[in-house]
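Topology and contacts: notes
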Amino acid sequence: MDFSPFMDVIAKYRLPFQIHTAWTQYPHNLFYHDPVWTDEIAYSYPEVPIILTKMGRRIQHLFENALSVARRNVNVYFDTVGTSGVHVRRAVDEIGADRVMFGTDWSPTWRWVTEPTDYYTMRKVVLDKANLTDSEREQIEWRTAAEVFKLDLH
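One structure accompanies this document, and this report is about it.

Here is what the cut-offs are and how they apply
- Residues numbered from 1 in each chain as written.
- Predicted model: local features only at pLDDT ≥ 70, side-chain atom pairs only at ≥ 80, totals over all residues.
- Heavy atoms only, no water.
- Helix = DSSP H or I, 4+ residues; strand = E, 2+ residues; numbered from the N terminus.
- Buried < 20%, exposed > 50% of the residue type's maximum accessible area, 1.4 Å probe, protein only.
- Contact = heavy atoms within 4.5 Å.
- Pairing = 2+ DSSP bridges.
- Phe/Tyr/Trp six-rings, centres within 6.5 Å; stacked < 30°, edge-to-face > 60°.
- Lys NZ or Arg CZ within 6 Å of the ring centre and 35° of its normal.

1. A look at the overall build of the protein
In terms of helices and strands, the protein carries six helices and four strands. Its helices and strands taken in sequence order, the protein reads α-β-α-β-α-β-α-β-α-α from the N to the C terminus. Looking at the protein residue by residue over its 154 residues, the buried ones come to 46%. In the protein, once contacts between residues fewer than 6 apart in sequence are set aside, the share between residues at least 24 apart is 67%.

Take a look at the structure:
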């Protein structure tokens, strides 16, 4: 599949590009959910921040592939949705907290009907389990996203 026309526009404006990784409930979408296929895009467009959402979604071989792509391409970032504390800790150790960002996703919202919960607290449990330092946690909770999305917080 030729992504170059799409990616050329994104590169021109240096827009972040999110790519869903791992399992999904939508039919016929698994082929491109292996993060390894993003290596060529990340390499070809080093000026584009590429966010691999879910960093493989707790599926070990997909996490390993995501980590391999991120090690090779400094423009690759992860979000923390659907992952584990172990994977967050390892990502921080291997590529740095400045390339990992907090995420929430919509997937558990259907549970609110029967099991109401504080959404952010629920999603931050993975950070609690990652044994992060205060500075790593601050970086992941907001600084990485602020940098990637060029948010002016002053």
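2. Here we look at the pairing of strand β1 (residues 17–20)
In β1, alternate side chains face the same way, and those of Phe17 and Ile19 are buried while those of Gln18 and His20 on the opposite face are not. Pairing of β1 with strand β2 (residues 50–53), which is carried by four bridges, proceeds in the parallel orientation. Each bridged residue has a counterpart across the sheet, and for His20 the counterpart in β2 is Thr53.

3. Quick word on the packing of aromatic side chains
For the structure on display, the rule yields one aromatic pair. Lying across the ring of Phe102, Lys124 places its NZ or CZ 5.7 Å from the centre.

4. Section: the sheet that holds β1
Across the sheet, which stays open at both edges, the four strands sit in the order β1-β2-β3-β4 with parallel pairing between neighbours. The strands lining the two open edges of the sheet, one partner per strand, are β1 and β4 (100–101). Relative to strand β3 (residues 76–79), β2 is paired through three bridges, and the arrangement is parallel. By the bridge assignment, Ile50 is partnered in β3 with Val76.

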